[in-house]
Amino acid sequence: PDFESKSLVLRRIKQAEELRIGVRYLIKEADLYGTLEDLSNLADVFLETVFKIACEELEKKSSNSGLRNFCIIGMGKQGGHELNFGSDLDVLLVYDEGESEPPPEGFAAYYSALSQLIYKLTSEMTPAGYAYKIDTELRPEGDSGVLVHSIQGYEKYFESRARIWEQQALVRARFVAGSPEVGEKFLEAAHEFVYKDKLDYGALIEISRLRERMEEELAKEATKGKNVKLGFGGLADIEFAVQVLQLMHGKKFSRLRETNTLSALQNFVALGLVDQGMVEELQESYLFLRNLECVLRIIRQTSTNNLPKKIQDLAPIARLLGYEGNDAETLAGSLLADYDRHTQQVRKHYRKTKIGRAH
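Everything quoted here is computed from the prediction, not taken from an experiment.

Quick one: what's the story with the overall build of the chain, residue by residue and with numbers?
A tally of regular secondary structure across the chain gives 15 helices and five strands. Scaling as 2.2 N^0.38, a compact globule of 359 residues should have a C-alpha radius of gyration of about 21 Å, and the chain matches this with 21 Å. Seen through its C-alpha atoms, the chain measures out along the principal axes to roughly 65 × 50 × 35 Å. Per-residue burial for the chain yields a buried fraction of 52% across its 359 residues. A total of about 16600 Å² of accessible surface is found on the chain, and carbon and sulfur atoms cover 49% of it. Put simply, the chain has 47 plus and 55 minus side-chain charges, and the middle of one group is 4 Å from the middle of the other.

Okay, here's the thing in structure tokens:
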């Protein structure tokens, strides 16, 4: 009946659905593909519902009933249909000034109020916890910028101040909720910015250095332990290699404007841009690392990407992944041997790419 009650119910439904998805994954009723897709679909439906509730709430207070030239764009893992347990939602909140008559308070104020309600319904702590942490750092100026931007504002930003890492991040932009027309219009503008005739060598060097800094400054494997996502030969190596190939060839081949990592890899093979053997090895390693990340987060009940250092903590992870052994040392040893093999394999292929050779 009221905003607070809706907020609680939304969280309980999300938690129940996530539990269902997790149990199906653990009892092998759903594979990794199905699990990531289910988690991504849950987030999509959640945000669509939140958007509708926020609109209804705002219309109670605004004389400008029905003004909804607004959409939510999924980025990162959500944009790629690859959301994991405990993942934040990387989103952009976008409106279109278009031909509509602005509300009395102005477009920016109106859609800022709508965005704040969406944030409250999703990320605010309640007696039932929070549903998702919304991350909007990918918006212009990051945390220091305003929460919501117009398409027209994005176009100016793309032309003047946007950086190469933002161009790379927008490879995974996908319409999630709100007005499909606004979503389509934004993605057209984004793709015009992202997919150029040529990716210059300076951009490759900058992306390569960004990946290197992630490994050195964020993963810090020497002190924090092995990092499945950001560490040596981790998931970021695969994602960066794929996204750079998309930036290089996406202008010419529209089918490469694919937000899902594994689908993009298949498209590279179909177009003859990447060797089949390399793609098969990258897919194998990607599935190993993502399964490991899933189990790690289920056991730890947090959005961690670091493997525990102690053998007794690694053993239950190995067992859930299907490894066999009578003692913790055997289980942990088998898991670590496979981890080293896959990360070496990923880094080998990463170094072969133009991004790997750029720095």
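Having seen the model, we can carry on.
Talk me through the pairing of strand β2 (residues 89-95); I want residue IDs and the actual numbers.
For β2, the buried fraction is high: six of the seven residues fall into the buried class. Pairing between strand β1 (residues 70-74) and β2: five bridges, direction antiparallel. What sits directly across from Gly74, in β2, is Val91. Direction of pairing for β2 relative to strand β3 (residues 134-135): parallel, over a ladder of two bridges.

Give me the nonpolar core: which residues, what numbers.
Phe70, Ile72, Tyr111, Leu114, Ile118, Leu292 and Leu335 are the most contacted members of the largest nonpolar core, which totals 72 residues. With 13 residues, the single largest contributor to this core is helix α2 (residues 32-61). When residues no more than four places from it in sequence are discounted, the contact partners of Leu335 are Phe288, Leu292, Leu314, Ile317, Ala318, Leu321 and Tyr323. Of all hydrophobic cores here, the second largest spans 35 residues; its members include Cys71, Tyr195, Ala236 and Phe240.

Provide a residue-level description of the environment of Arg68, including the pertinent values.
Note on placement: Arg68 falls in the loop between α2 and β1. The class of Arg68 is partly exposed, set by a relative accessible area of 30%. Apart from the residues within four sequence positions on either side, Arg68 is in contact with Phe51, Cys55, Glu56, Glu59, Tyr111 and Ser179.

How would you sum up the packing of helix α12 (residues 276-300) against helix α13 (residues 311-320)? Please name residues and give values.
Where α12 meets α13, the closest approach of the two axes is 10 Å, and the angle between their N-to-C directions is 125°. By the criterion of interaxial angle, the relationship of α12 to α13 is oblique. Considering only the axes of α12 and α13, their crossing is right-handed. Of the residues in α13, those touching α12 at Leu292, Val295, Leu296, Ile299 and Arg300 are Asp313, Pro316, Ile317 and Leu320. In terms of residue class, the contact of α12 with α13 is made up of seven nonpolar, no polar and two charged.

I'd like a rundown of the packing of aromatic side chains, residues and numbers included.
Overall, the coordinates contain 10 aromatic pairs when judged by the stated rule. Ring geometry for Tyr154 versus Phe158: centroids 5.7 Å apart, planes at 40°, classification tilted. Taken together, the positions of Tyr154 and Phe158, both in helix α5 (residues 151-160) and four residues apart, correspond to about one turn of that helix. Taken individually, Tyr154 and Phe158 each receive the classification buried, so the pair is uniform in this respect. Geometrically, the ring pair formed by Phe158 and Phe193 is stacked, given 4.6 Å between the ring centres and 0° between the ring planes. Here Phe193 lies in helix α7 (residues 180-194) and Phe158 lies in helix α5, a separation of 35 residues in the sequence. The exposure classification of Phe158 matches that of Phe193, with both residues buried. An aromatic cluster of at least three residues, connected via ring pairs, comprises Phe51, Phe70, Tyr95, Phe107, Tyr110 and Tyr111. Above the ring of Tyr132, the side-chain terminus of Lys14 is found at 4.6 Å from the ring centroid.

Describe a negative patch on the surface, listing the residues and the values that go with them.
Where like charges cluster on the molecular surface, the negative patch consists of Glu155, Glu159, Glu181, Glu184, Glu188 and Glu192. Every element with two or more residues in the negative patch is listed here: α5 and α7. At four residues, the largest contribution of residues to the negative patch is made by α7. Looking at where Glu192 falls in the secondary structure, it is placed in helix α7.

How would you explain the state of the cysteines if you had to name every residue and give the values?
The tally for this structure, following the rule as stated, stands at zero disulfides. With no disulfide of its own, Cys71 lies closest to Cys55 among cysteine sulfurs, the gap being 12 Å.

Give a description of a nonpolar patch on the surface that names residues and reports values.
A surface patch of nonpolar side chains, about 490 Å² in accessible area, is lined by Leu19, Val23, Leu26, Ile27, Ile299 and Leu320. Top contributing element to the nonpolar patch by residue count: helix α1 (residues 3-26), with three residues. The topology assignment puts Leu26 in helix α1.

Describe α12, and please don't skip the residues or the numbers.
The first and last C-alpha atoms of α12 sit 36 Å apart over 25 residues, in line with the 36 Å expected at 1.5 Å per residue. Once α12 ends, the next one or two residues include Gln301, with phi positive near 55°.

For helix α11 (residues 261-270), give the residues involved together with the corresponding values.
With seven of 10 residues buried, α11 lies mostly within the body of the structure. Every buried residue of α11 is accounted for by Thr261, Leu262, Ala264, Leu265, Asn267, Phe268 and Val269. The secondary structure elements touched by the buried residues of α11 are α2, α10 (235-249) and α12. Structurally, the start of α11 carries an N-cap: the backbone nitrogen of Leu262 is 3.2 Å from a side-chain oxygen of Asn260. Of the residues one or two after α11, Gly272 is the one with positive phi, at around 75°.

Reading the values: rules and limits
Residues numbered from 1 in each chain as written. Predicted model: local features only at pLDDT ≥ 70, side-chain atom pairs only at ≥ 80, totals over all residues. Heavy atoms only, no water. Helix = DSSP H or I, 4+ residues; strand = E, 2+ residues; numbered from the N terminus. Rg over C-alpha atoms; globule rule 2.2 N^0.38 Å. Buried < 20%, exposed > 50% of the residue type's maximum accessible area, 1.4 Å probe, protein only. Areas by Shrake-Rupley, 256 points an atom, 1.4 Å probe, with all protein chains shown as cover. Lys, Arg positive; Asp, Glu negative; His and termini not counted. Charge placed at Lys NZ, Arg CZ, Asp CG, Glu CD. Pairing = 2+ DSSP bridges. Core = buried A, V, L, I, M, F, W, Y, C linked by side-chain atoms within 4.5 Å. Contact = heavy atoms within 4.5 Å. Axes fitted to C-alpha atoms, helices over the stretch in contact; angles between N-to-C directions. Parallel < 35°, antiparallel > 145°, perpendicular 65-115°, else oblique. Left-handed = near helix turned anticlockwise from the far one by under 90°. Nonpolar A, V, L, I, M, F, W, Y, C, P; charged D, E, K, R; others polar. Phe/Tyr/Trp six-rings, centres within 6.5 Å; stacked < 30°, edge-to-face > 60°. Lys NZ or Arg CZ within 6 Å of the ring centre and 35° of its normal. Patch = residues over 30% accessible without salt bridge, like charges linked within 9 Å, V, L, I, M, F, W, Y side chains within 5 Å. Salt bridge = Lys/Arg side-chain N within 4 Å of Asp/Glu carboxyl O. Disulfide = S-S within 2.5 Å. Expected span 1.5 Å × (residues − 1). Polar contact = N/O pair within 3.5 Å; in protein donor to acceptor, adjacent residues only side chain to side chain.

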